[in-house]
Amino acid sequence: MTQSTLDAIFVEPSNTATSCVIWLHGLGDSGAGFAPVVPVLGLPAGHAIRFIFPHAPEQPVTINGGYIMRSWYDIKSMDLHDRADIEGVLISELQIKQLIEQQIAAGIPANKIILAGFSQGGVMSLFTGLRFEQSLAGIMALSCYLPGGEHLPEQLSTANKQTPILQNHGEQDEVVPLFAGKMAFDALNNAGYNTRWKTYPMAHSVLPNQLSEIGQWINNLLN
């Protein structure tokens, strides 16, 4: 098995881990940005869920004047249909898949792994999860979109056609417009995916009550 080249923050449970959440951060952030959410999720004491918060590689981002920052892929323009550099998406997908396979090799089955992400990380969790060849426990996509706008990725895997997908979005999101998230939901819903959509009165962020509900969703799937 090829080891993932991604550095990551690991938050281990008090018990031996039997399941895992891989949570991908947004543009310009790092794994440290979401690692503090674990206690806020309200998971039961004694849970056996390992949380992994990978760091995206550093690379130039076109819409930010070529400034080098942590990014899962280059963002070429604000046009939703040409926003994600698909070559970069595919490179990050491979690295994320390696991270999943690393957990499987360590004894955690795919159906006990949730792939989660916020913003750019949510784009990657959707893209990677929909194409992954083994059934995952769940896919979480927060404040994000599909790389193809209203089009699902190519080479979809049937393994995750029934996998629970959670999509959340802020009603005042000024970075990824609400309609972009809704477009992704409609594409998934119309294709028969098991997806759930909920909006919150927030900008491009997460809220404590939202994190509490996410914690319930995670706990239901992994315990």
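Structural data are supplied above this passage.
What you are looking at is a predicted structure, and each value in this text was computed from that prediction instead of being measured.

Scoring rules and cut-offs
Residues numbered from 1 in each chain as written. Predicted model: local features only at pLDDT ≥ 70, side-chain atom pairs only at ≥ 80, totals over all residues. Heavy atoms only, no water. Salt bridge = Lys/Arg side-chain N within 4 Å of Asp/Glu carboxyl O. Helix = DSSP H or I, 4+ residues; strand = E, 2+ residues; numbered from the N terminus. Buried < 20%, exposed > 50% of the residue type's maximum accessible area, 1.4 Å probe, protein only. Axes fitted to C-alpha atoms, helices over the stretch in contact; angles between N-to-C directions. Parallel < 35°, antiparallel > 145°, perpendicular 65-115°, else oblique. Left-handed = near helix turned anticlockwise from the far one by under 90°. Contact = heavy atoms within 4.5 Å. Nonpolar A, V, L, I, M, F, W, Y, C, P; charged D, E, K, R; others polar. Expected span 1.5 Å × (residues − 1). Pairing = 2+ DSSP bridges. Core = buried A, V, L, I, M, F, W, Y, C linked by side-chain atoms within 4.5 Å.

Take the pattern of salt bridges next. What the rule picks out here adds up to five salt bridges. Taking the shortest distance from any N to any O, the salt bridge between Lys 182 and Asp 186 comes out at 3.0 Å. Residue Lys 182 and its partner Asp 186 are both found in helix 3 (residues 178–190); the two are separated by four residues, about one turn of the helix. The class for Lys 182 is partly exposed, based on a relative accessible area of 34%. A salt bridge links Glu 213 to Lys 198; the nearest nitrogen and oxygen atoms lie 3.0 Å apart. Of this pair, Glu 213 sits in helix 4 (residues 208–222) while Lys 198 is found in strand 9 (residues 195–200), placing the two residues 15 residues apart along the sequence. By relative accessible area, which is 35% here, Lys 198 ends up partly exposed.

Where helix 1 (residues 86–105) meets helix 2 (residues 120–131), the axes come as close as 10 Å, and the angle between the chain directions of the two elements is 65 degrees. In this view, helix 1 runs roughly perpendicular relative to helix 2, as classed from their interaxial angle. In terms of crossing hand, the pair formed by helix 1 and helix 2 is right-handed. The segment helix 1 lies against helix 2, with Ile 86, Val 89, Leu 90, Ser 92, Glu 93, Ile 96 and Lys 97 engaging Met 124, Phe 127, Thr 128 and Arg 131. For the contact of helix 1 with helix 2, the residue count by class is six nonpolar, two polar and three charged.

With 20 residues, helix 1 extends 28 Å between its outermost C-alpha atoms, agreeing within 8% with the 28 Å of an ideal straight helix rising 1.5 Å per residue. When helix 1 is considered as a whole, its buried residues turn out to be Gly 88, Val 89, Ser 92, Glu 93, Gln 95, Ile 96, Lys 97, Gln 98, Leu 99, Ile 100 and Gln 103. Looking at the buried residues of helix 1, the elements they touch are strand 1 (8–11), strand 2 (19–24), strand 3 (49–54), strand 6 (113–118) and helix 2.

As paired elements, strand 4 (residues 58–61) and strand 5 (residues 67–70) share four bridges and run antiparallel to each other. Residue pairing in the sheet places Gln 59 in a bridge with Met 69 of strand 5. What sits between strand 4 and strand 5 in their antiparallel hairpin is a turn of five residues, with Gly 65 showing a positive phi close to 70 degrees.

Once that is clear, we can look at the nonpolar core. Ile 22, Trp 72, Tyr 73, Ile 96, Ile 100, Leu 126 and Leu 136 are the most contacted members of the largest nonpolar core, which totals 40 residues. Per element, the largest residue contribution to this core is five residues, and it comes from helix 2. Beyond its immediate chain neighbours, meaning those up to four positions away, Ile 96 contacts Leu 6, Leu 24, Trp 72, Leu 115, Met 124 and Thr 128.

Turning our eyes to something else, we now look at the sheet that holds strand 2. Strand order in this open sheet of seven strands is 1-3-2-6-7-8-9, and the pairing throughout is mixed. In this open sheet, the two strands that pair with only one neighbour each are strand 1 and strand 9. When the angles between neighbouring strand axes are averaged without regard to direction, this sheet yields 15 degrees. Note that strand 6 and strand 7 (residues 138–142) share five bridges and pair parallel. Each bridged residue has a counterpart across the sheet, and for Ala 116 the counterpart in strand 7 is Met 140. Its contacts with the sheet put helix 2 on strand 2, strand 6, strand 7 and strand 8 (165–170), and the angle it makes with strand 6 is roughly 145 degrees. Against the sheet, helix 3 engages strand 8 and strand 9, with an angle of about 165 degrees to strand 9.

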